[in-house]
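Chain by chain, the residues:
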Amino acid sequence: TLPCLPGARPCIPKDFGRGSLVCVCNATYCDTLDPLVLPAPGSYVKYESSKAGKRLERSEGRFQRSLRPPGSATGGWRCHRGTPRHHRPSRALPAGLLLTLNISTLYQHVKGFGGSLSDAAAMNILKLSQPAQDNLLRSYFSESGIEYNLIRVPMACSDFSVRPYSYDDVPDDYELKHFRLVDEDVKMKV
């Protein structure tokens, strides 16, 4: 595992114009988050980023039990920004975000969160110094970062490759006898 830094380190913004701020991450510094802690039952934690300058800004809230979410005959949970209030059908709903969860209907299990490692991303990461690469990977995968646990790697080239390629360019090779990974995979992503 990658070593993690205790406590949060703030974003050092860099402006690229047109409202595009990024946080500096280099060989000597990368912003980090406080360690993630599961909220208490009935509570949630929200992280928000924006063009206005928010960078994974943390806020907390509480779900409130509702006997009947709109459009449902079963129980569920409601959450909204600010101090929780009891919800009654005759009372106006609180301003802001309203999320209704029907806990009796489950659709899928979330295995984790991550991103894509394209040829372009790999080439840019490899152009960084080793300490900068370590900081960048720590910011994605460690407890002091955003804790990615999944990566999607495109099969063969994508629109983020510098050239078109596939893993088997031999016509009618249905048994894939000529299947080979290419340099982009072996040297940059695997």
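All values reported here derive from a predicted model rather than from experimental measurement.

Moving on, we get to the nonpolar core. Counting residues in hydrophobic clusters, the biggest one holds five residues: L117, A122, I125, L136 and M188. Apart from residues lying up to four places away in sequence, A122 is in contact with L117, M188 and K189.

Tracing the backbone through its elements, the reader meets E184 in helix α3 (residues 183-188). Taking relative accessible area as the criterion, E184 reaches 11% and is therefore assigned buried. Among the polar contacts made by the side chain of E184, one reaches the side chain of R163 at a distance of 2.8 Å. Apart from residues lying up to four places away in sequence, E184 is in contact with D119, R163, Y165 and K189.

Turning next to empty space enclosed by the protein. Under the definition given, this model contains two cavities of 30 Å³ or more. Estimated volume of the largest cavity: approximately 40 Å³. Around the largest cavity, the lining comprises 10 residues; the ones closest to its centre are C30, T32, N135, R138 and S139. Residues from two domains meet in the lining of the largest cavity; each of domain 1 (1-64) and domain 2 (111-189) gives at least three. Reported here for the second largest cavity is a volume of approximately 30 Å³. Within the lining of the second largest cavity, the residues separate by chemical class into three nonpolar, four polar and two charged.

The subject of this paragraph is the side chain of S139. Take S139: it is sitting in helix α2 (residues 130-141). Apart from the residues within four sequence positions on either side, S139 is in contact with C30, G145 and I146.

Next up on the list: the pattern of salt bridges. Note on pairing: side chains with opposite charge can pair once their charged atoms come close. Taken as a whole, this structure holds eight salt bridges when the rule is applied. With a closest N to O distance of 2.7 Å, R55 and D31 form a salt bridge. Of this pair, R55 sits in the loop between β3 (43-48) and β4 (57-66) while D31 sits in the loop between β2 (21-23) and β3; the two residues are 24 residues apart in sequence, bridging distant segments of the chain. The class of D31 is buried, set by a relative accessible area of 6%. Of the charged contacts in the structure, one is a salt bridge between K177 and E175, with a shortest N-O distance of 3.5 Å. The same class applies to K177 and to E175, which are both exposed. Each of D119, D185 and K189 takes part in a single network of salt bridges with overlapping partners.

Calculation criteria
The residue numbering used here restarts from 1 in each chain and proceeds along that chain's sequence as written. In view of the model being predicted, local features appear only for residues whose pLDDT reaches at least 70, and side-chain atom pairs are presented and counted only at 80 or more, with totals across whole chains, interfaces and linings using the full set of residues. Hydrogens are left out, water is left out, and the side-chain values use all remaining heavy atoms of the structure. Nonpolar cores were defined as sets of buried Ala, Val, Leu, Ile, Met, Phe, Trp, Tyr and Cys residues, with membership established by side-chain atoms within 4.5 Å. The cut-offs for exposure are 20% and 50% of the maximum accessible area for each residue type, with area from a 1.4 Å probe on protein chains only; residues under the lower value are buried, those over the upper are exposed, and the others partly exposed. Any two residues having at least one pair of non-hydrogen atoms within 4.5 Å are treated as being in contact. Helix numbering and strand numbering both begin at the N terminus, where a helix is a DSSP run of H or I of at least 4 residues and a strand a DSSP run of E of at least 2. Here a polar contact is recorded for every N or O atom pair within 3.5 Å, except that within protein the pair must consist of a potential hydrogen donor and a potential acceptor, and residues adjacent in sequence are included only if both atoms are side-chain atoms. The method works on a 1 Å grid over the protein atoms by themselves. A cavity is a set of points holding a 1.4 Å probe that cannot get out, a pocket is an open set with protein on both sides within 12 Å along at least five of seven lines, and residues with an atom within 4 Å of a point line them. Grid points are joined across faces, edges and corners, and a volume is the space filled by probe spheres set on the points. Domain borders in the structure are assigned automatically or taken from a domain database. In this classification, Asp, Glu, Lys and Arg are treated as charged, Ala, Val, Leu, Ile, Met, Phe, Trp, Tyr, Cys and Pro as nonpolar, and every other residue, Gly included, as polar. Salt bridges are defined by distance alone: a side-chain nitrogen of Lys or Arg within 4 Å of a carboxyl oxygen of Asp or Glu.

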